[in-house]
Amino acid sequence: MFSRVRDWLCPDLGIDLGTANTLIAVRGQGIVVDEPSVVALEKGSRRVLGRGTAVGKLARQMMGRTPESITAIQPLRQGVIADFEVCEAMLRYLMQKAAQQRGGMRPRVVIAVPCELTPVEKRVIFNSAERAGAGRIYLIEKVKAASIGAGLPISEPIANMVCDIGSGTTEIAVLSLAEMVASRSLKVAGDEVDNAIVNYVRRKFSLRIGVRSAEQLKIDVGSAYPLDEELHAEVRGLDIMSGIPRKAIISSEEVREAMQEPLGALLEGVRSVIERCAPELIADLAETGLVLCGGTALLRGIDALFREQLGIPVRIDEDPLTTTARGTAICLEHLQHWKGRFQSEAA
Ligand code: ADP
Ligand code: MG
């Protein structure tokens, strides 16, 4: 009964605080906020535009297009908070939007965090959420939340493997009996893929393009594995020699060549985690395989590449951009029961 009143007054929140996207789930309602992790500020005062509301989609549209007096920034870099005050402002706005707070109570929150945080980085996330209005704060590793969101039977004595490939980081883990047996966090993910495409286009076409155009190329024609019918796209940039705008046609084969290094690093990361497991667990993985999630899991053919290179079954979660947030929502349902498992204080 009390929990129902509390749900109405001040519902618990599950937060996937990502480098590219922040998602918030409300207990009993599912995901209610899904916004880019971008904030638009007035340069001098560093005040958030629109009285604290220039956060998310609107702010992202401004990136790279702002006049002198305004700046649009991402408060997280490679999974960790790079700008404390801006992150706090972003969380405050998004949490208020999610909870539609009544009566000034502070919500309990479960926040999904990278698995190799230093104590200082953990403390920064804690303080930032607290100052943004959170009450009791529980931290859960992103891969653990993702494995719950993907519906894996993690509390059984069978090994399961999850790889969350976001924009700034890739989180890889093998779980068994609800605990992580081996894990690794790589600073290679979607952003590195975009940078690799920028560099390739500069080398091969003598054309300077921005990371946003590179990301668009990746989404439109990028493929980690050969396609039956390869794709083509037009790319516009500045000619390096003349400084004049020019177009070029780039094929999905060329984009694949451009992405080779970061994709190789991801495969290496997954292999290194498998190698750390006991033989019994490795035998399980040959059956249970690997689940991919995170936005970069949407890259064409990434499952085929991983299957071929790792020799285990690979599947992409049904909606990879929301896997982790859905996992935090499930955690909220079991908060009374599971809270001992979460870290409720920064170490
Ligand atoms: P984070 O957890 O770091 O916030 P997300 O899981 O939200 O990241 O994923 C964002 C990443 O997914 C970006 O690098 C983006 O370019 C990439 N992405 C989104 N859609 C696609 C797609 N269709 N194909 C390839 N990459 C994609
Ligand atoms: Mg993520």
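Reading guide: rules and limits
- Residue positions are given per chain, counting from 1 as you read along its sequence in written order.
- Chains and ligands are labelled sequentially in the order written, the chains with letters from A and the ligands with numbers from 1.
- The predicted nature of this model means local features are confined to residues of pLDDT at least 70 and side-chain atom pairs, given and counted, to a pLDDT of 80 or more, with totals for whole chains, interfaces and linings taken over all residues.
- Derived side-chain values reflect all non-hydrogen atoms in the structure, with water molecules and hydrogen atoms excluded from consideration.
- The start and end points of each domain follow an automatic or database-based domain assignment.
- Any two residues having at least one pair of non-hydrogen atoms within 4.5 Å are treated as being in contact.
- We define buried area as the total accessible area lost by two parts upon association, computed with a 1.4 Å probe and summed across both.
- As a rule, the C-alpha atoms of each element are fitted with a line to give its axis, helices using only the stretch in contact, and angles between N-to-C directions run from 0 to 180 degrees.
- For helices the rule is a DSSP run of H or I covering at least 4 residues; for strands it is a run of E covering at least 2, with both sets numbered from the N terminus onward.
- Working definition: roughly parallel below 35 degrees, roughly antiparallel above 145 degrees, roughly perpendicular at 65 to 115 degrees, and oblique for all remaining angles.
- In this scheme the handedness of a crossing depends on how the near helix is turned from the far one: anticlockwise by less than a right angle means left-handed, clockwise means right-handed.
- For two strands to be treated as a pair, DSSP must find at least two bridges joining them.

## Some thoughts on the domain arrangement of the chain
Then comes step 1: When its domains are assigned, the chain resolves into domain 1 (2-37 + 74-144 + 323-344), domain 2 (151-188 + 261-316) and domain 3 (190-258).
Then comes step 2: Put simply, the middle of domain 2 and the middle of domain 3, counted by C-alpha atoms, are 28 Å apart.
Then comes step 3: In this assembly, 15 residues from domain 2 lie in contact with 16 residues from domain 3.
Then comes step 4: Taken together, the two surfaces of domain 2 and domain 3 that pack against each other cover about 1200 Å², and 61% of this comes from carbon and sulfur.

## Digging into the packing of helix α4 (residues 84-99) against helix α5 (residues 119-131)
Then comes step 1: It is the contact of α4 with α5, at a shortest axis distance of 8 Å, that shows an interaxial angle of 45 degrees. Viewed along their axes, α4 and α5 adopt a mutual orientation that is oblique. Along this stretch, α4 crosses α5, giving a crossing that reads as right-handed. Contacts between α4 and α5 pair Phe84, Cys87, Glu88, Leu91 and Arg92 from the former with Val124, Asn127, Ser128, Ala129 and Arg131 from the latter.

## Here we look at the sheet that holds strand β8 (residues 109-113)
Then comes step 1: Strand order across the open sheet formed by five strands is β3-β2-β1-β8-β9, with mixed pairing between neighbours. Edge strands, defined here as strands with exactly one partner in the open sheet, are β3 (30-36) and β9 (137-141). If you compare each strand with its neighbour and ignore which way they point, the axes differ by 20 degrees on average.
Then comes step 2: Here β8 pairs with β9 via five bridges, running parallel. Looking at β9, one finds that Val113 is bridged to Glu141.
Then comes step 3: Sheet strands in contact with α4 are β1 (13-17), β2 (21-26), β3 and β8, and its direction is about 140 degrees off that of β1.

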